[in-house]
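# Remarks on the overall topology
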Amino acid sequence: MSAPGGTDPQEPRPDPEAPDAARFTTPPPAADADEAAYDAAFDQALALARAHTTTPPPRPAPADTPGPAAEEPAPEKPREAYDWAADYDAEDGTSGTDAGTGDAWTAIEEAWTEDPPATATGTDDAPESGGRPDAGPVSPHKDSASAEGTPHSPDRRPAPSSPARSAAVRTWGEARDLALRAARETVARTADRPVPLLPLEQARGLALAEPLTALTDLPSFDTSAMDGWAVAGPGPWRLLPDAQVLAGHQLSGAAGRLDDGAAVPVATGARVPDGTTGVLRSEHGEVTADGARLHALRPLAQGEDIRPRGQECRTGDALVDEGTVVTAPVLGLAAAAGYDAVRAHPRPTAEVFVLGDELLARGIPTDGLIRDALGPMLPAWLEALGTRVLGVYRLRDEEDALAEALAASEADLVLTTGGTAAGPVDHVRPVLSRLGARLLVDGVAVRPGHPMLLAATAPGQHLVGLPGNPLAAVAGLLTLAAPLLGVLAGRGEVPGRDELPRARLPLAESVEGHPRDTRLLPVRVHEGRLRLLRYNGPAMLRGIANADSLAVIPPGGAEAGTAVELLDLPRVGGCFT
């Protein structure tokens, strides 16, 4: 499992006039996040590595007398760039316990060992100064589309040599779309399977597999909306002796119809007698002392306080769409419309594999061990997303243990925590390669959570690899797992709608962005605006524990008043709707 990184430290931007060694030998100080400065330093480190690339000297002419061939001196590696990369990876959370395993280190190594440009190879035009070509300008960072197929791009997340790493780093929007597409393909393959008809009490929390249409008029007869008197024609009215209309009963003590000038007591929800022109509320009428006549204390309008038949719907009317989650009101509406059972999608299943020898299941963190926060948190949120969690399993940091667990899983979705970087105990990608999985998303241009991944592991089964840092894992859950599970559960799959619903609200303050990556930040809504919460580092949960949502901050940031997209947090235990 990759070592957890703290908040991204802030490093002053390097002085372009300063010597290379002075720019990279000092580890970045631990302070607030400033990823723009880090990216600038990263590009400088790449330039330094490329500047140290050595062109092999021309092969010497054969000697007249045989003898041992002189070994060509090995070029000296740019230690300053490697030292910087080790510090960078430790802070960014992409390295393991040892240096030389993280994204930045790998990029420096590839930049140093790659073939130099054609103009700087061992040709007649090679420079005479030891074969070190001028690095020249560092090419700008490429997004996922342009970076694909460019193995030596100065992207800070280069693809390692693992055969499983076949997908490019995606933008945040691309990653969400790929998760949706993967789930829709799975649903399409199983479209011929019958959807179960479930009793109403078993359908709560599931998504409807077909629209809910009315089986009867609602109400199915003219109904009194208030306690009072059903009256016919203008008042005052004579009261029918020994007669009343209660809910569930017909008019008693009379022929079942009111003649003009007649009145009868009526209860809320009762069927009003034929001939009724209105219902006079109890507080708006007065009965004479002899109990024979009824007077109105205020004018009564035609049809007042009568719910006419079919006011809410007529038989066959569409009540709610396919894909609607069966909440308490939907249950009530279905029952009122005549349903005893509905067709609803079963819950998708999930298993959680918590990776890391450094994790404690209980007690106070001590001696280099930390508490597992994701094991308790993820199942609750998965259930809120409409998923049935089959189990949470803590696995050793061993490749075989993960491979065996994944091969044995029958869940629709497997979530792993940690192990998605390139450290010595980051086994997720090697295991996916070993099992023949197909990587769909291998890294996302988002902060926190950029090492997340999505893979198709078996027919109808997917794996979402979450980073080990808690807030980064939440970002992965909402970016990849939530849209995938939503489709598998049938939620929100309304015909004609290709996108997830997207809520937007304005920011109360300016938010600094990453130069190229999307940021997901915990926010609270106050007076219709989004206020950023302070504790938003990748290893922190304090901010999101107090948040309403995650704000999607586009690359480059956003000014105060800008409306940005919101990601709703799964509501554990349900909510009133």
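Cut-offs applied
- Residues numbered from 1 in each chain as written.
- Predicted model: local features only at pLDDT ≥ 70, side-chain atom pairs only at ≥ 80, totals over all residues.
- Heavy atoms only, no water.
- Helix = DSSP H or I, 4+ residues; strand = E, 2+ residues; numbered from the N terminus.
- Buried < 20%, exposed > 50% of the residue type's maximum accessible area, 1.4 Å probe, protein only.
- Contact = heavy atoms within 4.5 Å.
- Areas by Shrake-Rupley, 256 points an atom, 1.4 Å probe, with all protein chains shown as cover.
- Pairing = 2+ DSSP bridges.
- Polar contact = N/O pair within 3.5 Å; in protein donor to acceptor, adjacent residues only side chain to side chain.
- Axes fitted to C-alpha atoms, helices over the stretch in contact; angles between N-to-C directions.
- Parallel < 35°, antiparallel > 145°, perpendicular 65-115°, else oblique.
- Left-handed = near helix turned anticlockwise from the far one by under 90°.
- Nonpolar A, V, L, I, M, F, W, Y, C, P; charged D, E, K, R; others polar.
- Salt bridge = Lys/Arg side-chain N within 4 Å of Asp/Glu carboxyl O.
- pLDDT = per-residue confidence, 0-100.
- Arc of directions from axis to C-beta.

Looking only at helices and strands, one finds 13 helices and 28 strands in the chain. Each of the 577 residues in the chain was classed as buried or not, and the buried ones make up 47%. For the chain, restricting intrachain contacts to residue pairs at least 6 apart in sequence, the fraction spanning at least 24 positions comes to 73%. With the model as given, the accessible surface of the chain reaches about 28000 Å², and the carbon-plus-sulfur share is 51%.

For the rest of this paragraph, the subject is the pairing of strand β8 (residues 262–266). Of all the five residues making up β8, four are buried; the element is thus mostly covered by neighbouring parts of the structure. In this sheet, β8 lies alongside strand β6 (residues 228–231) in antiparallel orientation, the contact comprising four bridges. Along β8, the bridge assignment pairs V231 with A263. Of the pairings in the sheet, the one linking strand β7 (residues 237–239) to β8 comprises two bridges and is parallel in character. In the sheet register, L239 faces β8, and the bridge partner there is A263.

A few words on the environment of E351. By secondary structure assignment, the location of E351 is in strand β15 (residues 349–355). A relative accessible area of 10% places E351 in the buried class. Apart from residues lying up to four places away in sequence, E351 is in contact with L390, G391, Y393, S409, A411, L413, V414 and L415. In this structure the side chain of E351 is engaged in a polar contact, spanning 2.7 Å, whose partner is the side chain of S409.

Our next topic: the sheet that holds strand β3 (residues 207–208). Read from one edge to the other, the open sheet built from three strands follows the order β2-β14-β3, with strand pairing classed as antiparallel. Here the strands that pair on one side only, and so sit at the sheet edges, are β2 (197–199) and β3. Of the pairings in the sheet, the one linking β3 to strand β14 (residues 341–345) comprises two bridges and is antiparallel in character. Its bridge partner lying in β14, L208 is registered against A344.

It is the contact of helix α6 (residues 172–189) with helix α12 (residues 470–488), at a shortest axis distance of 8 Å, that shows an interaxial angle of 25°. As the angle between them shows, α6 and α12 are arranged roughly parallel. Relative to α12, α6 is oriented so that their crossing is right-handed. Contact with α6, carried on its side by W172, A175, R176, A179, L180, A183, R184, T186 and V187, involves L478, T479, L480, P483, L484, V487 and L488 of α12 and no other residues of that element. Counted by class, the contact of α6 with α12 contains 12 nonpolar, two polar and two charged residues.

Here we take up the pattern of salt bridges. Under the counting rule described, the total for this entry stands at 11 salt bridges. With its nearest N and O atoms 2.7 Å apart, the salt bridge here joins R429 to D442. On the criterion of sequence distance, the pair formed by R429 in helix α11 (residues 428–434) and D442 in strand β20 (residues 438–442) is long-range, its members being 13 residues apart. Within this structure, D217, R309 and R314 form a network of salt bridges that share partners.

Per-residue confidence for the chain gives a mean pLDDT of 76, with 68% of residues at or over 70. Segment residues 1–34: pLDDT under 50, and 84 contacts once partners within four positions in sequence are set aside and those in other chains are kept. Note that residues 493–499 has pLDDT below 50 and, in this model, nine contacts with residues that lie over four places away or in other chains.

Among all positions in helix α9 (residues 374–384), only L374, G375, M377, L378, P379, W381 and L382 are buried. Summarising the contacts, the buried residues of α9 are in contact with β15, β18 (388–395), β19 (413–417), β23 (461–466), α12 and α13 (542–545).

Turning next to helix α8 (residues 328–336). Among all positions of α8, only V330, L331, L333 and A334 are buried. Mapping the buried residues of α8 onto a view down its axis gives an arc of 165°, with all of them on the same face. Those residues of α8 hidden inside the fold are in contact with α7 (200–203), β4 (212–213), β13 (318–320) and β14. Just past α8, the residue G338 takes up positive phi, approximately 105°.

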